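These are the residues of each chain, in order.
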Amino acid sequence: MQTFTEENYLKTIFFLSIDIEVWVSTNALAESTNTRAASVSDMLKRLAEKGLINYQKYRGVRLTEEGERLALLVIRKHRLWEVFLAEKLQFGWDEVHVIAEELEHIRSERLVEKLDAFLGHPQFDPHGDPIPDADGQMPAFRYRKLSEINEGNTVIVTGVSEHSSAFLQHLDKSGIMLGCQVKVQEINRFDKSIHVLIDNQQTVFISHEVAKNLLVK
């Protein structure tokens, strides 16, 4: 059985491996977990001994098949709890992530499957992230960043890649939420900030930093 910290490491390795090839460096892990490199190395040795990662000192780390299965299980629990908190308990999408970080470590597989059934087997969480099924398979989805959309085009907001409360609260104040329609009216050539029309009702100024963290289709 894995500790909460070990599960968090597996989840972090999984997410990092999506962006930077298969092998994840110790330094990338240290930065992502805000942990000293020496402590990261100790944890990686422990995970390697359990057969959850392949670890090479100067190359980095990657998940084994079992490590990936466990990482996806943690992600599945996290995102199902986010749906429950948002839909059934009316927590804001800026609140659910922190609470789900604690609930994702609940051990009972029976509870997780009952939760999934109770929620109607959702495929996406309140931030638009896909929820792995019981076999670890992700629903098929495609998205682009709003920062990649040309002037004059209209898209639908389907997710966010930044989950911090500050970012989500900023979106709330701007009237941006999942499912809203966004038309790119003008792109500032100097700093790539944009003016968008939301749901054909209000025009909002969006910085490039915000736009690159908004996922659309």
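Scroll up a little and you will see the structure.
Attention here is on the structure that accompanies the text. (Residues numbered from 1 in each chain as written. Predicted model: local features only at pLDDT ≥ 70, side-chain atom pairs only at ≥ 80, totals over all residues. Heavy atoms only, no water.)

On to the pairing of strand β1 (residues 53-56). Pairing of β1 with strand β2 (residues 60-63), which is carried by 4 bridges, proceeds in the antiparallel orientation. Within the sheet, the bridge partner assigned to Gln56 lies in β2 and is Gly60. (Pairing = 2+ DSSP bridges. Helix = DSSP H or I, 4+ residues; strand = E, 2+ residues; numbered from the N terminus.)

Remark: helix α2 (residues 26-33) packs on helix α3 (residues 37-49), axes separated minimally by 9 Å, with the N-to-C direction vectors making an angle of 110°. The angle between α2 and α3 falls in the class roughly perpendicular. Where α2 approaches α3, its residues Thr26, Asn27, Leu29, Ala30 and Thr33 are matched on the opposing element by Ala37, Val40, Ser41 and Leu44. Across the contact of α2 with α3, the residue classes tally to 5 nonpolar, 4 polar and no charged. (Axes fitted to C-alpha atoms, helices over the stretch in contact; angles between N-to-C directions. Parallel < 35°, antiparallel > 145°, perpendicular 65-115°, else oblique. Contact = heavy atoms within 4.5 Å. Nonpolar A, V, L, I, M, F, W, Y, C, P; charged D, E, K, R; others polar.)

Ranked by size, the top nonpolar core spans 23 residues in total, and within it Leu146, Leu171, Ile176, Ile206 and Leu214 carry the most contacts. Only β4 (154-160), α7 (165-174), β5 (181-187), β6 (194-198), β7 (202-206), α8 (208-211) and β8 (214-216) provide two or more residues apiece to this core. The residues contacting Leu146, other than those within four sequence positions of it, are Val155, Val182, Val184, Ile194, Ile206, Ala211, Leu214 and Val216. If you look at the next biggest cluster of nonpolar residues, it comprises 21 residues, including Tyr9, Met43, Leu52 and Leu70. (Core = buried A, V, L, I, M, F, W, Y, C linked by side-chain atoms within 4.5 Å. Buried < 20%, exposed > 50% of the residue type's maximum accessible area, 1.4 Å probe, protein only.)

The N-to-C vectors of helix α4 (residues 65-87) and helix α5 (residues 96-103) enclose an angle of 130°; their axes lie 9 Å apart at closest approach. Overall, the two elements α4 and α5 adopt an arrangement that is oblique. Crossing of α4 against α5: the hand is right-handed. Contacts between α4 and α5 pair His78, Trp81, Glu82, Leu85 and Ala86 from the former with Val96, His97, Ile99, Ala100, Glu101 and Leu103 from the latter. Class assignment of the residues belonging to the contact of α4 with α5 gives a composition of 7 nonpolar, 2 polar and 2 charged. (Left-handed = near helix turned anticlockwise from the far one by under 90°.)

Applying the stated criterion to the full structure yields 12 salt bridges. Its salt-bridge partner being Arg76, residue Asp116 comes within 3.0 Å of it at the nearest N-O pair. Remark: Arg76 occurs in helix α4 and Asp116 occurs in helix α6 (residues 109-118); sequence separation between them is 40 residues. Glu209 serves as the salt-bridge partner of Lys212, at 3.3 Å between the closest nitrogen and oxygen. Taken together, the shared-partner salt bridges connect Glu6, Arg46 and Lys50 into one network. (Salt bridge = Lys/Arg side-chain N within 4 Å of Asp/Glu carboxyl O.)

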